[in-house]
Amino acid sequence: NKTMDKFMCWMTDTFAPQVNKFAKNPWIVGIQDAIMTAMPMILIGSFTTVLSLVHIYIKGFPDFSKIGSFSFGLFSVFLSYLIPDAVMKQKHHPEIAKQSGLAGLSFFMILIYPKFDASGMIRFDSNAFGTGGMIAALVAGVFVGVIMNLFTNIKLISDESGLPDFVAVWFN
């Protein structure tokens, strides 16, 4: 009983505040927001997987497996965009959130190491677009978030430059 009281006191007074501090970190919240935003695609992919099993046993039932390919099968692509987008919003830089997302997507495409065939066409391993590329998507998203966050402190064009605001945002 006394041991349990000590444990509960430690959980309440020491452990819980540290976990709460960690959970409020803008980087963690950004990653969490990105995953939660992409979560419906997991649900759609799961549902279509179940429906595809019905197709095996009932002749004439539609094959929904292609829908799964474009939900589950693109999860890492979604994360590579959404993580830097969400992190920039959490770090109070919404003006570059979309650009950060696009940069994260581009960097992800580099990280999954595309191949070029003899005719110069780019080829990707489609497994990397789905759950097979989640680590690469997380790395790409966080790396781009760090770089974009660092560059938000650099102002190459002053507010008095006379350039339109949307052009100044490209360089600042």
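Refer to the structure above for everything that follows.
Okay, so let's go over this structure. Since this is a predicted model, take the numbers as computed values, not measurements. (Residues numbered from 1 in each chain as written. Predicted model: local features only at pLDDT ≥ 70, side-chain atom pairs only at ≥ 80, totals over all residues. Heavy atoms only, no water.)

**Looking at the overall build of the protein chain**
Inference 1: Looking only at helices and strands, the protein chain features seven helices and two strands.
Inference 2: Ordered by position from N to C terminus, the α and β elements of the protein chain give α-α-α-α-α-β-β-α-α.
Inference 3: The C-alpha radius of gyration of the protein chain comes to 22 Å, more than 25% above the 16 Å expected for a compact globule of 172 residues.
Inference 4: Principal-axis analysis of the C-alpha atoms places the extent of the protein chain at approximately 70 × 65 × 30 Å.
Inference 5: Residues counted as buried form 27% of the 172 residues belonging to the protein chain.
Inference 6: Of the roughly 11600 Å² of accessible surface on the protein chain, a fraction of 69% belongs to carbon and sulfur atoms.
Inference 7: Treating the 12 positive side-chain charges of the protein chain as one cloud and the 11 negative ones as another, the clouds have centres 9 Å apart. (Helix = DSSP H or I, 4+ residues; strand = E, 2+ residues; numbered from the N terminus. Rg over C-alpha atoms; globule rule 2.2 N^0.38 Å. Buried < 20%, exposed > 50% of the residue type's maximum accessible area, 1.4 Å probe, protein only. Areas by Shrake-Rupley, 256 points an atom, 1.4 Å probe, with all protein chains shown as cover. Lys, Arg positive; Asp, Glu negative; His and termini not counted. Charge placed at Lys NZ, Arg CZ, Asp CG, Glu CD.)

**Re the side chain of Thr152**
Inference 1: Here Thr152 shows up in the loop between helix H6 (134-151) and helix H7 (165-171).
Inference 2: Beyond its immediate chain neighbours, meaning those up to four positions away, Thr152 contacts His93 and Ile96. (Contact = heavy atoms within 4.5 Å.)

**Brief notes about the environment of Ile112**
Inference 1: Position of Ile112 relative to the elements: it lies in the loop between helix H5 (97-111) and strand S1 (115-116).
Inference 2: With a relative accessible area of 14%, Ile112 lands in the buried category.

**A look at the pattern of salt bridges**
Think of it this way: side chains of opposite charge can pair up when their charged atoms draw near.
Inference 1: Going through the model one piece at a time under the given rule, you end up with two salt bridges.
Inference 2: Here Asp85 ties to Lys89 by a salt bridge, and the two come within 3.1 Å at their closest N and O atoms. Of this pair, Asp85 and Lys89 both sit in helix H4 (residues 75-90), four residues apart, which is roughly one turn of the helix.
Inference 3: Judged by its relative accessible area of 8%, Asp85 is buried.
Inference 4: On the basis of relative accessibility, which here comes to 47%, the residue Lys89 falls in the partly exposed class.
Inference 5: Between Asp117 and Arg123 there is a salt bridge, with the nearest N and O atoms lying 2.8 Å from each other.
Inference 6: On the accessibility criterion, Arg123 (45% relative accessible area) is partly exposed. (Salt bridge = Lys/Arg side-chain N within 4 Å of Asp/Glu carboxyl O.)

**Structural notes on H6**
Inference 1: Helix length check: H6, at 18 residues, gives a terminal C-alpha distance of 26 Å against a target of 26 Å (1.5 Å per residue), a fit within 8%.
Inference 2: Of the positions making up H6, those classed as buried are Ala136, Ala137, Ala140, Gly141, Val144, Gly145, Met148 and Asn149.
Inference 3: Buried residues belonging to H6 abut helix H2 (26-57), H4 and H5. (Expected span 1.5 Å × (residues − 1).)

**Let's talk about unusual backbone geometry**
Inference 1: One non-glycine residue with positive phi stands out, namely His92, at about 65°.
Inference 2: For His92, the location among the structural elements is in the loop between H4 and H5.
Inference 3: Backbone geometry places Tyr113, a non-glycine residue, at a positive phi of 55°.

Scope: geometric values only; no functional claims are made or implied.
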